[in-house]
Amino acid sequence: MFRPARDHRLDLSLFLRSLKFIAPAIKVTVLLTVFALTFGLVFGLALAVARVYGNRFAATAAGAYSRVVRSLPTLVVLYIFYNLAWVAFRVGGVAAAVIALTACTTAYQSEIFRGAIQSLGTGQMAAARSLGMSRATAIRSVIIPQVLRLAIPSWSNEAAIVLKDSSLASAVGTAEVFRRSQQIGAANRDYLTAFLAAGLIYFCLTFITNRVLDFAHKRYKLKT
Amino acid sequence: MAGPILRVENLHKAYGKTEVLRGVSFEVAPGEVVVIIGPSGTGKSTLLRCINQLTPPDQGRVWLEDVEITDKRTDINKVREHIGMVFQDFNLFTHLTAIQNVMLALTKVKRMSPAEARAKAMLEMEKVGLVDKAGLYPAELSGGQKQRAAIARSLAMDPKVMLFDEPTSALDPELIGEVLEVMKTLAGEGMTMLVVSHEMGFAREVSDRIIFLENGAISEDGPPEQFFTNPKHARTREFLGKLTELYGNHGGPRGGRRKK
Ligand SMILES: Nc1ncnc2c1ncn2[C@@H]1O[C@H](COP(=O)(O)OP(=O)(O)OP(=O)(O)O)[C@@H](O)[C@H]1O
Ligand SMILES: [Mg+2]
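Criteria and thresholds
Residues numbered from 1 in each chain as written. Chains lettered and ligands numbered in written order. Predicted model: local features only at pLDDT ≥ 70, side-chain atom pairs only at ≥ 80, totals over all residues. Heavy atoms only, no water. Near = heavy atom within 4 Å. Polar contact = N/O pair within 3.5 Å; in protein donor to acceptor, adjacent residues only side chain to side chain. Areas by Shrake-Rupley, 256 points an atom, 1.4 Å probe, with all protein chains shown as cover. Helix = DSSP H or I, 4+ residues; strand = E, 2+ residues; numbered from the N terminus. Nonpolar A, V, L, I, M, F, W, Y, C, P; charged D, E, K, R; others polar. Pairing = 2+ DSSP bridges. Axes fitted to C-alpha atoms, helices over the stretch in contact; angles between N-to-C directions. pLDDT = per-residue confidence, 0-100. Parallel < 35°, antiparallel > 145°, perpendicular 65-115°, else oblique. Left-handed = near helix turned anticlockwise from the far one by under 90°.

Student: Could you give me a rundown of the site of ligand 1, with the residues and numbers involved?
Tutor: Residues and elements named next belong to chain B. Neighbouring ligand 1 are the residues Tyr 15, Val 20, Pro 39, Ser 40, Gly 41, Thr 42, Gly 43, Lys 44, Ser 45, Thr 46 and Glu 166. Within the contact set of ligand 1, an oxygen atom lies 2.8 Å away from a side-chain nitrogen or oxygen of Lys 44. Protein contacts shield 55% of the accessible area of ligand 1, which totals 640 Å² for the unbound molecule. Looking at the shell around ligand 1 element by element, the count peaks at three residues for helix α1 (residues 44-51). Among the residues making up the shell around ligand 1, the classes are represented as three nonpolar, six polar and two charged.

In structure tokens:
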């Protein structure tokens, strides 16, 4: 990579051309983020439930997964799962990048949901069980609906992190926003302009994500 | 005479080294209202939770009519449908409105259609005087209203017996009356009730029997007159004295909770 020249000047038309070149990759970044977040939501909830309500084995396994993944740099986890996806399922490309990102966010989301479950206290479960609900029904109809609402603010934060971390998928060859900005930067021998364009796109995406989730939070928050 | 609705035999429960229940046995007959009193930490809540197995006892047996609840083969979810429980801190489901709180188990456990459940829930809301609050969330209700909604939620399951764990002790004094009133009506309709409470007025007026639990064992079990006028143990008299100090003489000789 090369540094900008001393007399580097921002060229607006180059900036716009860079934006235009990167734009098609927004779809890829959004898809990576949405899929990883959604799968991470499902698996993260499952892990959180296993940790709080599961038997000793399930709780330990779920806790260990979360601890290990959160102890590694996201890029390392990404490379590991990208390769695992190939070894185990023979998938590569965007699908493998989704799997790798999911593996990361699952661990972080499990912590968010575990905290939310624990903040509910034991009374909700006791009340549900006292009415004759099975544990599974209580978890499904009483615990999870409240946990999802409680978790929205932290989840919004995690959504922004996943959105930004999706740029790491460029390291495994996914043609998402950051990767495209590298390409146009190299082609024009002007990385600064290209990365500023990418930056603007990430900012807008993050801003929109947080605003949408803020709205969801206001709309669905538990009255207290 | 019909057999007891609830029979508790030799219950034991320990948390680590602390023995909380040390052999508790008693029966509750159909339509009977039994009030349990006793010092803090003596195992009253634990006793109620051992009855519906929210806390499994270490030893001892519990029957609901002729079903042994403590039998491993008993479907505990089925049994719990018939044992209502009201908690000190209400435990209403915070994401649901009052009426949805009452409806949830009707649809999920009794498998009623939403329309049926709503109709049944409305009936219960009427009983506890909350029809006009049905659409409000727990956070929008006063403590007394919350507890009445919680009672409606339990009643909707048509339980054979209701367990109350200090249903009024988290309430502001001026809200206690409305909850006790609902409980009194319930008792009048013949509901079998096991009530942990320190509301001596309620105990005196409504109960058929008072059980004094101390250090995990029953030290008195008899009709309220005997309990108040002629307790077996000096310790009971002492405790009653303390209660009067704490809560005022709500249950003065002539009943009524409110003195004024
Ligand atoms: N889950 C638990 N783990 C450990 N100890 C417990 C647990 N639940 C209750 N205990 C202990 O058991 C004893 C009896 O508790 P319990 O709640 O049954 O008393 P209580 O008579 O209901 O008291 P209070 O009038 O304060 O409600 C207490 O010493 C309490 O600390
Ligand atoms: Mg208690």
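Having seen the structure, we can now continue with the description.
Student: Describe the sheet that holds strand β9 (residues 209-214) of chain B, naming the residues involved and giving the relevant values.
Tutor: Residue and element names in this part refer to chain B. The six strands lie next to each other as β6-β7-β8-β3-β9-β10, forming an open sheet whose pairing is mixed. This sheet does not close on itself; its edge strands, each paired only once, are β6 (83-86) and β10 (217-222). Sheet twist, expressed as the mean angle between neighbouring strand axes with direction ignored, is 15°. Pairing of β9 with β10, which is carried by five bridges, proceeds in the antiparallel orientation. Counted as the bridge partner of Ile 211 is Asp 221 from β10.

Student: Describe the confidence of the model for chain A, and please don't skip the residues or the numbers.
Tutor: Across chain A, the average pLDDT comes to 94, with 97% of residues at 70 or higher. Predicted confidence in chain A is weakest over helix α4 (residues 74-89) of chain A, with a mean pLDDT of 92, and strongest over helix α6 (residues 123-130) of chain A, with 98.

Student: Let's hear about the sheet that holds strand β5 (residues 67-68) of chain B: which residues, and what values?
Tutor: Residues and elements named next belong to chain B. The four strands lie next to each other as β2-β1-β4-β5, forming an open sheet whose pairing is antiparallel. Of all the strands in the sheet, just β2 (18-28) and β5 have a single pairing partner and so form its edges. Across five bridges, strand β1 (residues 6-15) lies against strand β4 (residues 59-64) in antiparallel orientation. Bridging from a neighbouring strand, Glu 9 pairs with Arg 61 of β4.

Student: Would you mind going over the packing of helix α2 (residues 26-53) of chain A against helix α5 (residues 93-120) of chain A in detail, with residue names and values included?
Tutor: All names here are of chain A. Following both chains from N to C, one finds α2 and α5 inclined at 40°, their axes separated by 5 Å at the closest point. Taken together, the axis directions place α2 and α5 in an arrangement best described as oblique. Where α2 crosses over α5, the handedness of that crossing is right-handed. Residues that form the contact of α2 with α5 fall into these classes: 19 nonpolar, eight polar and three charged.

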